Amino acid sequence: MSEVFRQLGTPVTGGIVCVADHASNRVPADLALGIPAALLQDHIAIDIGTEAIAERLAQNHAIPAHIAAVSRLVCDFNREEEAAGLVPETSDGHAIPGNRGADREARLARFHRPYHTALAAWLAAAEPALVLSLHSFTPRLATSAEARPWEIGVLYNRDDRAARIAIPLLAAEGLNVGDNLPYSGRDLNYTMNRHAESAGRPYLGIEIRQDLARTPGDHARWAALLADIAQRVASALA
């Protein structure tokens, strides 16, 4: 479909869709980041588990997905065009030599803009009742001593309609839920700011702790839970 994104499933007007900005660790063959290959399996390159969960949402739960197909180290789709982290030169203490002096405009034109143009068209055609924004987070940053005990986080900026419904539902499942944690959606929320908040679309920003999203069983459980919670949130918002 594109070197930048994949779309699975067919959106239904008034339904639920999923967006996964950091689902891939792919680096195009013509770009060299200059990092050890092992780092491409690390959280700095990919939101671990989100690709498999998004696929299961589309295939098993009728929640179509718009899935990034390139690593956030190449171009971070959840950053404003002018943001320093769009083409990161460092990430959680690791230098990314291939991004030093990178042609920022070329990365925008090749990756960022096609991703968001396609997502905008996809959402406009679907007019979903709820957008599920799917991310995952590392249990501990290498550059911080702070623990991240939450099993799942719910993020939002100004529009917290879906979050206020989802947080108690997730807590009732026995989960340790972060309210705008492990980081605030008021600081990092570009994709949802652009495609949901600015358009008045309700959205549910989800962050899953990565040590809980590594196996096929984990992926299946999270997909089933998120599908159920998203449906209940969409019904409550209707």
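Refer to the preceding data block for the structure.
Residues numbered from 1 in each chain as written. Predicted model: local features only at pLDDT ≥ 70, side-chain atom pairs only at ≥ 80, totals over all residues. Heavy atoms only, no water.

Caption draft 1: Structural view of the sheet that holds strand 1 (residues 5–8). Taken in spatial order, the seven strands make up an open sheet running 1-3-2-6-9-7-8, and their pairing is mixed. A strand with exactly one partner marks an edge of an open sheet, and here the two such strands are strand 1 and strand 8 (177–179). Adjacent strand axes in the sheet meet at a mean angle of 20° when their direction is disregarded. Bridge count between strand 1 and strand 3 (residues 65–68): four bridges; the pairing is antiparallel. The residue bridging Arg6 from the neighbouring strand is Ile67, located in strand 3. Relative to strand 6 (residues 130–137), helix 1 (residues 50–60) is tilted by about 150°, and along the sheet it contacts strand 1, strand 2 (16–20), strand 3, strand 6 and strand 9 (203–209). (Pairing = 2+ DSSP bridges. Helix = DSSP H or I, 4+ residues; strand = E, 2+ residues; numbered from the N terminus. Axes fitted to C-alpha atoms, helices over the stretch in contact; angles between N-to-C directions. Contact = heavy atoms within 4.5 Å.)

Caption draft 2: Summary view of the pattern of salt bridges. Counting across every chain of the model gives 19 salt bridges. Residue Arg164 is joined to Asp179 by a salt bridge in which the shortest nitrogen-to-oxygen separation is 2.7 Å. Within this pair, whereas Arg164 is found in helix 3 (residues 161–172), its partner Asp179 is found in strand 8, the two being separated by 15 residues in sequence. The class of Arg164 is partly exposed, set by a relative accessible area of 36%. Among the charged side chains, a salt-bridge network with shared partners connects Glu3, Arg26, Asp30 and Arg110. (Salt bridge = Lys/Arg side-chain N within 4 Å of Asp/Glu carboxyl O. Buried < 20%, exposed > 50% of the residue type's maximum accessible area, 1.4 Å probe, protein only.)

Caption draft 3: Here's a closer look at the state of the cysteines. In this structure the tally under the stated criterion is zero disulfides. Cysteine Cys18 remains unbridged, with the sulfur of Cys75 as its closest cysteine sulfur at 19 Å. Looking at Cys75, the relative accessible area reads 0%, which means it is buried. (Disulfide = S-S within 2.5 Å.)

Caption draft 4: Representation of the side chain of His116 within the structure. Position of His116 relative to the elements: it lies in helix 2 (residues 104–126). Here the side chain of His116 touches Phe77 through a polar contact of 2.8 Å, landing on its backbone oxygen. Once you skip the residues sitting within four places of it in the chain, His116 turns out to touch Phe77, Tyr190, Thr191, Arg194 and His195. (Polar contact = N/O pair within 3.5 Å; in protein donor to acceptor, adjacent residues only side chain to side chain.)

Caption draft 5: Spatial organisation of the packing of aromatic side chains. According to the stated counting rule, one finds one aromatic pair in the structure shown. Ring centres 4.0 Å apart and planes at 0° place the aromatic pair Phe77 and Tyr115 in the stacked group. Residue Phe77 is located in the loop between strand 3 and strand 4 (90–91), and its partner Tyr115 is located in helix 2; the two are separated by 38 residues in the primary sequence. You can call Phe77 buried: its relative accessible area is 0%. Here Tyr115 falls in the buried class, since its relative accessible area comes to 0%. (Phe/Tyr/Trp six-rings, centres within 6.5 Å; stacked < 30°, edge-to-face > 60°.)

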